[in-house]
Amino acid sequence: MATVAVPVPRPSAKERLTALRATAESAYIDPSQSIIRYYRSSKQLYETASYEANHGNNEKAYMLIMRFLDLYVTRIPKHPKYHSVPEDLRNSTKALIKKALDLGQDLKIKLLADFENEIKLEEEDELNRQRALQRNEDKSSDLDDLVDRIGRLNALHDGESLGFPRSAGEDGGENFAIHQAHETWPADISGARIGTEAWPSNENEDFSPTHPVHPTVDRSTKPRAPPRGRISSETLRPVRVPAGLVKLFSDAAKENTMFKNIETCGNLWGVRESGSYVVTHVLIPNQKGTDSYCEDLDEGTVAEYAITRDLIQLGWIHTHPSQTAFLSSVDMHMQHGYQIMLPEAIAIVLAPTYDDVGFFRLTDYGMDIVSRCREGTTFHTHDDIQPLFDLAEEVLLDDTLPAKIEDFR
Ligand SMILES: [Zn+2]
Ligand SMILES: [Zn+2]
């Protein structure tokens, strides 16, 4: 009958920081992707981390800054075309690396202090919980004694063994004592304990779950936020998309879709505004496509256009002329590249034949699987025991936002 508390191992502050850092390292450099693109994104990644730090989102900021350092210090130098990167791009990224190291150090100190505090609070919670349990345990023991004594009294009286509890009227006066016991049940005994351990299974109706016994809950024993150490999808900022954007892109893709059966792709660019991301532009680069694939041929022009307007890359959009809306294995690798640079980045897929549009993101599981896959350029299968991608729930379609499309083809 005694409740045995199983101590839950509590990760230390350092272990929490290490777990956060591990999330940062779900990035890899795809050698088939342009190294210039990675370099162009370095500023965006650094600025996103800095933005989150300035808004007090230290965990997310730390994850992003560690990702930045992992990418630009450890991984990029191994890219086969590392030496082809123009000097000025390399230098500007070097300057960012220095700033990132400072920011990373600053965040590390803050987070360790946060985690230490959090652990202290968790330990206090645990202690309070144990004390509350102990109090209930003592009360239950009193009740067990009472039940035992009544049972023995019953047995003495009519020769039965412990036939407790009985329905009302079945055994007259003795049952009164039981009801008395119910009525005087201490108000602060938890319902779960009543139902699962202290009470016989064929409960008297007075103690069905609907009985108005209101367990007093010690607020200090309520669980706080779940242990930290991992960036989850819940920390994503909303992405506002102009409601008219899909139609605009669909019109621009019409010829490829209707007459050539080839895919069309574009990039989503925008700004940060009041705590969310807002898509302001779809830029359609010069490209080549097939019925199931689309590739930028000149991302330089598009990037130039976006950078001079201070736009942030928020994801991409493409058509599936004859298929449904989903992310193919190749799409997933493309999306992974966007999502490591900005966790909020989305993939919009238009399937005109099925009159369907999907707004997708890779799941944490998908990010992990794709980061370890080296078959990005041809269609292949991924281990999908869990969903690899999902609907991007943080997307908000907004019909007050203007949609602007620039076609560079
Ligand atoms: Zn696709
Ligand atoms: Zn893959």
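Residues numbered from 1 in each chain as written. Chains lettered and ligands numbered in written order. Predicted model: local features only at pLDDT ≥ 70, side-chain atom pairs only at ≥ 80, totals over all residues.

Asks: I'd love a proper account of the overall build of the protein chain, names of residues and values included.
Replies: Regarding its fold elements, the protein chain presents 10 helices and 11 strands. Relative to its 409 residues, the protein chain shows a buried fraction of 30%. Across the protein chain, contacts joining residues at least 24 apart in sequence account for 77% of those joining residues at least 6 apart. (Helix = DSSP H or I, 4+ residues; strand = E, 2+ residues; numbered from the N terminus. Buried ≥ 20, exposed ≤ 12 C-beta atoms within 10 Å, placed from the backbone. Contact = placed C-beta atoms within 7 Å.)

Asks: Explain the nonpolar core to me, and be specific about the residues and the numbers.
Replies: Burial of nonpolar side chains together is a common tendency in soluble globular proteins. Within the largest apolar cluster, 68 residues are counted, with the highest numbers of intra-cluster contacts made by A49, Y62, I65, F68, L314, I346 and F360. Sorting elements by how many residues they give to this core places helix α3 (residues 58-75) first, with 10 residues. A domain-level breakdown of this core finds at least three residues from each of domain 1 (9-230) and domain 2 (233-407). Residues in contact with F360, not counting those within four places in the same chain, are L327, I346, A347, V349, F389, D390, L391 and A392. (Core = buried A, V, L, I, M, F, W, Y, C linked by C-beta atoms within 7 Å. Domains from an automatic or database assignment.)

Asks: Tell me about the packing of helix α1 (residues 13-24) against α3, and name the residues and values.
Replies: Running from N to C, α1 and α3 point in directions that differ by 55°, and their axes come no closer than 8 Å. The orientation of α1 relative to α3 falls into the category oblique. For the pair α1 and α3, the crossing hand works out as right-handed. For the pair α1 and α3, contact is made by L20, R21, T23 and A24 and by E59, Y62, M63, M66, R67 and D70, respectively. A class-by-class count of the residues in the contact of α1 with α3 yields five nonpolar, one polar and four charged. (Axes fitted to C-alpha atoms, helices over the stretch in contact; angles between N-to-C directions. Parallel < 35°, antiparallel > 145°, perpendicular 65-115°, else oblique. Left-handed = near helix turned anticlockwise from the far one by under 90°. Nonpolar A, V, L, I, M, F, W, Y, C, P; charged D, E, K, R; others polar.)

Asks: Describe unusual backbone geometry, listing the residues and the values that go with them.
Replies: Positioned with a positive phi, S274 is a non-glycine residue whose angle comes to about 45°. Here S274 shows up in the loop between β2 (265-273) and β3 (276-284). With a phi close to 60°, D310 is a non-glycine residue in the positive phi region.

Asks: Tell me about α3, and please be specific about residues and values.
Replies: Taking 1.5 Å per residue, 18 residues should reach 26 Å; α3 reaches 24 Å between its end C-alpha atoms and fits that length. Burial analysis of α3 places 13 of its 18 residues in the buried class, which makes it a mostly covered element. (Expected span 1.5 Å × (residues − 1).)

Asks: An account of the pairing of β2 is needed here, citing residue identities and associated values.
Replies: Here β2 runs beside strand β6 (residues 312-319); their pairing, made up of six bridges, is antiparallel. Residue pairing across strands places L268 opposite G315, the latter belonging to β6. In this structure, β2 lies alongside β3, joined through seven bridges in antiparallel fashion. Along β3, the bridge assignment pairs V271 with V278. (Pairing = 2+ DSSP bridges.)

Asks: Give a description of the confidence of the model for the protein chain that names residues and reports values.
Replies: In the predicted model, the protein chain carries a mean pLDDT of 78, and 75% of its residues have values of at least 70. When pLDDT is averaged over each helix and strand of the protein chain, the minimum, 30, is found for helix α6 (residues 191-198) and the maximum, 96, for strand β1 (residues 239-242). Counting contacts from residues 159-231, a segment whose pLDDT is below 50, to residues more than four positions away or on other chains yields 84 contacts. (pLDDT = per-residue confidence, 0-100.)

Asks: Provide a residue-level description of helix α7 (residues 245-260), including the pertinent values.
Replies: For α7, spanning 16 residues, the distance from its first C-alpha to its last is 22 Å, which sits close to the expected 22 Å at 1.5 Å a residue. Along α7, the sharpest kink reaches roughly 60°, centred on A253. For α7, the full list of buried residues reads L245, F249, A253, N256 and T257. Phi turns positive one or two residues past the end of α7, at N261, with a value near 55°. (Bend = angle between axes of the 7 residues up to and from the residue.)

Asks: Could you give me a rundown of the environment of S322, with the residues and numbers involved?
Replies: In this fold, S322 is placed in the loop between β6 and α9 (329-341). Given 15 C-beta atoms within 10 Å, S322 falls into the partly exposed group. As for S322 and T257, which are separated by 65 residues in sequence, their C-alpha atoms are 8.1 Å apart. Setting aside residues up to four positions removed in sequence, S322 forms contacts with N261, D291 and T353.

Asks: Please give an account of the packing of helix α2 (residues 35-54) against α3 that cites residues and values.
Replies: Viewed as axis vectors pointing N to C, α2 and α3 meet at an angle of 155°, and their least axial separation amounts to 8 Å. Here α3 runs roughly antiparallel to α2, going by the angle between their axes. For α2 against α3, the interelement crossing comes out left-handed. For the pair α2 and α3, contact is made by Y38, S42, L45, Y46, T48, A49, E52 and A53 and by N58, K60, A61, L64, I65, R67, F68, L71 and Y72, respectively. Its residues placed into classes, the contact of α2 with α3 shows 11 nonpolar, three polar and three charged.

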